[in-house]
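# Secondary and tertiary structure notes
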Amino acid sequence: MITNTANPPSTAVRGGFDDNAYEVVEKALSQSEGQSARQQSGSMSYGQSLRNLMRLQEDANTWTCPPLLINVAASSTSDDIIQIDIAETLLGREGGRNVPSPEKRNDDNCYWFAKIFNINTDEFREKEIVREIKAACRAAGFTVNCKYKKMEYGNGCIEVKCCRGTYHCEEKSLAHNRKKARSTKSNAAPKAIKKKTTKPVHGQDGNDTRCPFHFQIYWDEKRQRWFLPKIQRGNRVHCGHSPIDPADIKLETKNSISPEEEEIARDSLQSHISTAATQNLIRTRTGETLSWQQVYHMKKRQENAQYGRNENTACDRLLHYLTTTDGISCTFLFADPKTHLLSEKVKKDKRNSALTVEQLGKQLLGDDTDSPAIYAKGLKGRKELIHTETGELMLAVAFTTDNQRRKFDMFPEFVSGDDTEGTNSEKRSLYTLLGKDQNEKVFPIAWAFMPSKSQWAYDWFFGVAMPKLHPGDAIKRVEIVLTDADKQETMAVENNIGGNLKPSVAELRLFINALHRWCAWHRINRNFTQDSKYKPTLTRVKNSCVLSKIEVDVLERWLWYFIKNYETEEEVNFCRKLL
């Protein structure tokens, strides 16, 4: 390959090619067949076509600002509202003039804002003036940055520039992101993510043109009024970008809706109305379409302002969500870090979000090596599990919804429970209790973040949490409780059922009519055919001869047939007699 060291290759232009590339293309096309005939006929070459295309693109990115309409006072003495076009006052450096001096300002050379615009503070400028300017610029198809600049004798001005009027600085962007508070638990440095920017980038071919559009709005300290010169040196021409559809421009919430409408939206969110419904409410009242993320961010800001952000623990946030959300019933198990005294906090009624606190009356199953007190000692130092208001340590939580309570009351005959790992940052198993309706479809009955897989934890869920979450008679009408073959879970369930006991003893149990059964898949597949104790023997028998293989297969099929087709105890006893 031959390279030319004297003329290093130039970089590619964004959206096209540089001059050397055009020359190479023209030379290649001139040597092709029929090229001379096309040139003689007056047709345009390929390189010239590309240049024209680039020229058309540049022309499209240079345009004159459409009308920027805002409301001002008719004069300095009258507050009658008139509408003016800011773009007509921008005559550039040649045709424009400097701002009139304070003694020469009058109705002939200035547009005065209404008398109510008599405050010059950061909050007032942002809410009353900047918001109107950004709304007018959005209607014209572009976005602006507004910055206040102090002047002599207490005067000042708001400099309004197109967002593409300044270069993007990657170092400032990264420094700004480093200042933001991080909510992650990891202390590792965040990954460097290079975000896209709509600003021009200095030195980037095809994207380094700064837009010259700008103008100023001035503050008169003597008159305590905001005004706009009727002729100023601002520029109304845009360069380096094309106009944007106003519907595609998203402004900040504070610049989209008034403070009164924002307060209504906050009241809506505080009343536990969904984010989507609040979004539709804002659209109906103001005509502004806030994104779902903007409304959700408004909700989070309100929660952080009301309940704090950095001081709240994961326990506080979970407690707040479950107790303030309508339609959710929940129960918490807490322990005092010093005395290890157990207590419960229960929310039963959806119309009353207050927690009722009571001491745990049931003695949970445990021993000297495994008990709630021993488990609480092992959680010392876990700040995320501390309830800030009381200083207590959260051991477990169970919750359900009104819809699940209704379905469990309708179909209480069958329940089945199992836990799922890897659902939360605290690495707790999520225990889910399921039911079955008349269509053989499962539905959830209750959920619980279990502290461990100890016997006392399952005993708390079945013996304490379930009566709190489902206080009716549905628990007494349960007939089958299905679990896997976990030893601790099995002992806890059998400690709360009475279907196989005498009536006098069964009355003392919560699940008075329930029988406990193991999951067939766990018993047949996991604990028999795939268990390390039996799998080598079954494999050896299968490989011994064809008849032995058939015999083992028939045994497995019979076990599954036995489980799927025999439901009552009478059918099981009759089947055993026929064997």
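A few points on the structure. Because the structure is a prediction, the values reported are computed rather than measured.

## Let's talk about helix 9 (residues 275-286)
Under the 1.5 Å per step criterion, the end-to-end length of helix 9 is 16 Å for 12 residues, consistent within 8% with the ideal 16 Å. For helix 9, the set of buried residues is T275, T278, Q279 and I282. Within helix 9, the buried residues cover an arc of 105° as seen down the axis, which keeps them to one side. One or two steps after helix 9, the chain reaches G287, where phi turns positive at roughly 85°.

## What to know about the nonpolar core
Core analysis: the biggest nonpolar cluster contains 53 residues, and L395, F408, F461 and V481 have the highest contact counts within it. Mapped onto this core, the elements with two or more residues apiece are helix 11 (314-324), strand 10 (328-335), helix 12 (372-378), strand 13 (393-401), strand 15 (429-436), strand 16 (442-450), helix 14 (455-469) and helix 15 (487-494). Broken down by element, the residue count for this core peaks at 10 residues, all from helix 14. Residues in contact with F408, not counting those within four places in the same chain, are V415, F443, I445, M466, H470, A474, I475 and V478. Judged by nonpolar contacts, the second largest core, of 29 residues, contains A114, F124, I129 and F213.

## As for unusual backbone geometry
Comment: phi is negative for the bulk of residues other than glycine, and the bulk of peptide bonds are trans. Positive phi, normally seen in glycine, also occurs at Y153, with a value near 60°. Overall, the relative accessible area of 72% leaves Y153 in the exposed class. The phi torsion at Q224 lies on the positive side, around 55°, for a residue other than glycine. Position of Q224 relative to the elements: it lies in the loop between strand 7 (214-220) and strand 8 (225-229).

## A short note on the pattern of salt bridges
Taken as a whole and assessed by the stated rule, the structure comprises 21 salt bridges. Between E261 and R285 there is a salt bridge, with its nearest N and O atoms 2.8 Å apart. With E261 in helix 8 (residues 259-270) and R285 in helix 9, this pair connects stretches of sequence that are 24 residues apart. Of the residues examined, E261 reaches a relative accessible area of 16% and is grouped as buried. Here E262 ties to R266 by a salt bridge, and the two come within 3.0 Å at their closest N and O atoms. Placement of both E262 and R266 in helix 8 is noted, with a separation of four residues, approximately one turn of the helix. Among the residues examined, E262 registers a relative accessible area of 11% and is labelled buried. By relative accessible area, which is 30% here, R266 ends up partly exposed. Connected through salt bridges with shared partners, the residues R105, D220 and R223 form a single ionic network.

## Quick look at the sheet that holds strand 7
Ordered in space as 4-8-7-6-5, the five strands form an open sheet in which the pairing is antiparallel. Strand pairing shows two members of the sheet lacking a second neighbour, strand 4 (110-112) and strand 5 (144-150), which therefore form its edges. Each strand axis lies, on average, 30° off the axis of its neighbour in the sheet, ignoring direction. The sheet contact formed by strand 5 and strand 6 (residues 156-162) spans seven bridges and is antiparallel. Bridge assignment links K149 to a residue of strand 6, and that residue is C157.

## Observations concerning a nonpolar patch on the surface
A cluster of nonpolar residues, V546, L547, I550 and V554, forms a patch on the protein surface that exposes about 410 Å² of accessible area. Along the chain, V546 turns up in helix 19 (residues 546-565).

## Concerning the packing of aromatic side chains
Applying the stated criterion to the full structure yields 21 aromatic pairs. Judged by centre distance (5.1 Å) and plane angle (10°), the ring pair of W292 and Y296 falls under stacked. In this pair, W292 and Y296 both sit in helix 10 (residues 292-307), four residues apart, roughly one turn of the helix. The partly exposed category is assigned to Y296, whose relative accessible area is 33%. Ring centres of W558 and F562 lie 5.1 Å apart, and the angle between their planes is 40°; on these two criteria the pair is classed as tilted.

## Section: a negative patch on the surface
Taken together, the side chains of E567, E569, E570 and E571 define an acidic patch exposed on the protein surface. Relative to the helices and strands, E567 resides in the loop between helix 19 and helix 20 (569-578). The class of E567 is exposed, set by a relative accessible area of 71%.

## Some remarks on the environment of I244
Take I244: it is sitting in the loop between strand 9 (237-238) and helix 7 (253-256). Given the relative accessible area of 40%, I244 is considered partly exposed. Between the alpha carbons of I244 and T143 there is a distance of 9.0 Å; along the sequence they are 101 residues apart. Those residues within four positions of I244 in sequence are excluded, and the remaining contacts are G141 and I249.

## Some details on the packing of helix 8 against helix 9
Helix packing geometry: the angle between the two helix axes and the distance between the axes. Close contact between helix 8 and helix 9 brings their axes to 10 Å; oriented N to C, the two are set at 155°. Comparing the axis directions of helix 8 and helix 9 gives the class roughly antiparallel. The way helix 8 lies across helix 9 gives a crossing that is right-handed. Together, E261, I264, A265, S268 and L269 of helix 8 and T278, L281, I282, R285 and T286 of helix 9 make up the contact between the two elements. Looking at the contact of helix 8 with helix 9 residue by residue, the classes come out as five nonpolar, three polar and two charged.

So, how was this worked out
Residues numbered from 1 in each chain as written. Predicted model: local features only at pLDDT ≥ 70, side-chain atom pairs only at ≥ 80, totals over all residues. Heavy atoms only, no water. Helix = DSSP H or I, 4+ residues; strand = E, 2+ residues; numbered from the N terminus. Expected span 1.5 Å × (residues − 1). Buried < 20%, exposed > 50% of the residue type's maximum accessible area, 1.4 Å probe, protein only. Arc of directions from axis to C-beta. Core = buried A, V, L, I, M, F, W, Y, C linked by side-chain atoms within 4.5 Å. Contact = heavy atoms within 4.5 Å. Salt bridge = Lys/Arg side-chain N within 4 Å of Asp/Glu carboxyl O. Pairing = 2+ DSSP bridges. Axes fitted to C-alpha atoms, helices over the stretch in contact; angles between N-to-C directions. Patch = residues over 30% accessible without salt bridge, like charges linked within 9 Å, V, L, I, M, F, W, Y side chains within 5 Å. Areas by Shrake-Rupley, 256 points an atom, 1.4 Å probe, with all protein chains shown as cover. Phe/Tyr/Trp six-rings, centres within 6.5 Å; stacked < 30°, edge-to-face > 60°. Lys, Arg positive; Asp, Glu negative; His and termini not counted. Charge placed at Lys NZ, Arg CZ, Asp CG, Glu CD. Parallel < 35°, antiparallel > 145°, perpendicular 65-115°, else oblique. Left-handed = near helix turned anticlockwise from the far one by under 90°. Nonpolar A, V, L, I, M, F, W, Y, C, P; charged D, E, K, R; others polar.

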